[in-house]
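# Fold and contact review
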Amino acid sequence: ALTSKIRLPASFAVSSVTRLDPKWQLLTDATWTEWSTIQQLDFQRNNAGPAAAPLTVQDYAWKNSWRFAVGGIYKYSDRVNLKGGLAYDLSPVPDERRAVRLPDEDRYTLAVGSQYLIDRKTTVDVALQFVKPKNANVNRTEGNAAAGQQSSITGQADGHAVILSAQLAYKF
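Residues numbered from 1 in each chain as written. Predicted model: local features only at pLDDT ≥ 70, side-chain atom pairs only at ≥ 80, totals over all residues. Heavy atoms only, no water.

## Some thoughts on the pattern of salt bridges
Under the defined criterion, the tally for this structure stands at ten salt bridges. Salt bridges linked by common partners bring Asp89, Asp104 and Arg107 together as one network. (Salt bridge = Lys/Arg side-chain N within 4 Å of Asp/Glu carboxyl O.)

Below you can see the structure in the form of structure tokens.
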């Protein structure tokens, strides 16, 4: 079995909802996350014999970061709300710590969705998100030098995600 200790980050958010007129609402959000609490992960083997290979400490040295978002809700009818928004998320991973396992970089998220009111207690929500991080350059040496298990990695990570979600909510 493996064990490790980690303190998860705190976060602080300031959000607002502003009714612009009877049909439109403006949503804003700024969230700070204390990612600097995660500096490394050091896993320990429980009851490992003396011949067990040492585990590599995962050095992260993450920094605190911010996420900013703006969106809107349009009341299309008494039963249908249309929603959309844009967010910019700053990566907590410093350039010199970026690894192939986690090639994190600043990213944009664009989301659209709708909510349908079935009755006074029941709603159905559907949403589509497109998440596009910046290209992440990786130039890093990893591994255990003392054990002769080091490798250098140089490259660029590129990708995106498309997320489709649905929710059924019932108020008691």
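There is more to say, and it comes next.
## A short note on the side chain of Asp106
Summarising the element assignment, Asp106 is placed in the loop between β8 (80-89) and β9 (107-119). Looking at Asp106, its side chain comes within polar contact range of the side chain of Tyr88, at 3.1 Å. (Helix = DSSP H or I, 4+ residues; strand = E, 2+ residues; numbered from the N terminus. Polar contact = N/O pair within 3.5 Å; in protein donor to acceptor, adjacent residues only side chain to side chain.)

## Comments concerning a nonpolar patch on the surface
Taken together, the side chains of Leu20, Trp24, Leu26, Val70, Leu86, Tyr108, Leu110, Val112, Leu128, Phe130, Val162 and Leu164 present a nonpolar region at the surface, about 1,200 Å² in accessible area. Mapped by element, the contributors of at least two residues to the nonpolar patch are β3 (24-33), β9, β10 (122-133) and β13 (161-170). Ranked by residues supplied to the nonpolar patch, first place goes to β9 with three residues. Relative to the helices and strands, Trp24 is located in strand β3. On the accessibility criterion, Trp24 (41% relative accessible area) is partly exposed. (Patch = residues over 30% accessible without salt bridge, like charges linked within 9 Å, V, L, I, M, F, W, Y side chains within 5 Å. Areas by Shrake-Rupley, 256 points an atom, 1.4 Å probe, with all protein chains shown as cover. Buried < 20%, exposed > 50% of the residue type's maximum accessible area, 1.4 Å probe, protein only.)

## Here's the deal with the side chain of Asp125
Counting through the fold element by element, Asp125 comes out in strand β10. In this structure the side chain of Asp125 is engaged in a polar contact, spanning 3.4 Å, whose partner is the side chain of Gln115. In this structure, Asp125 is in contact with Lys83, Ser114, Gln115, Ser165, Ala166 and Gln167, ignoring residues within four places of it in sequence. (Contact = heavy atoms within 4.5 Å.)

## Notes on the packing of aromatic side chains
Overall, the coordinates contain six aromatic pairs when judged by the stated rule. Ring geometry for Trp24 against Tyr74: centres 4.8 Å apart, planes inclined by 45°, an arrangement best described as tilted. Pair noted here: Trp24 is in strand β3 and Tyr74 is in strand β7 (residues 65-75), with a separation of 50 residues, a long-range link. Here Trp35 and Trp62 contribute two aromatic rings whose centre-to-centre distance is 5.4 Å and whose plane-to-plane angle is 80°, an arrangement assigned as edge-to-face. Of this pair, Trp35 sits in the loop between β3 and β4 (40-41) while Trp62 sits in the loop between β6 (58-59) and β7, and the two are 27 residues apart along the sequence. Taken together, Trp35, Tyr60 and Trp62 form an aromatic cluster joined through their ring pairs. (Phe/Tyr/Trp six-rings, centres within 6.5 Å; stacked < 30°, edge-to-face > 60°.)

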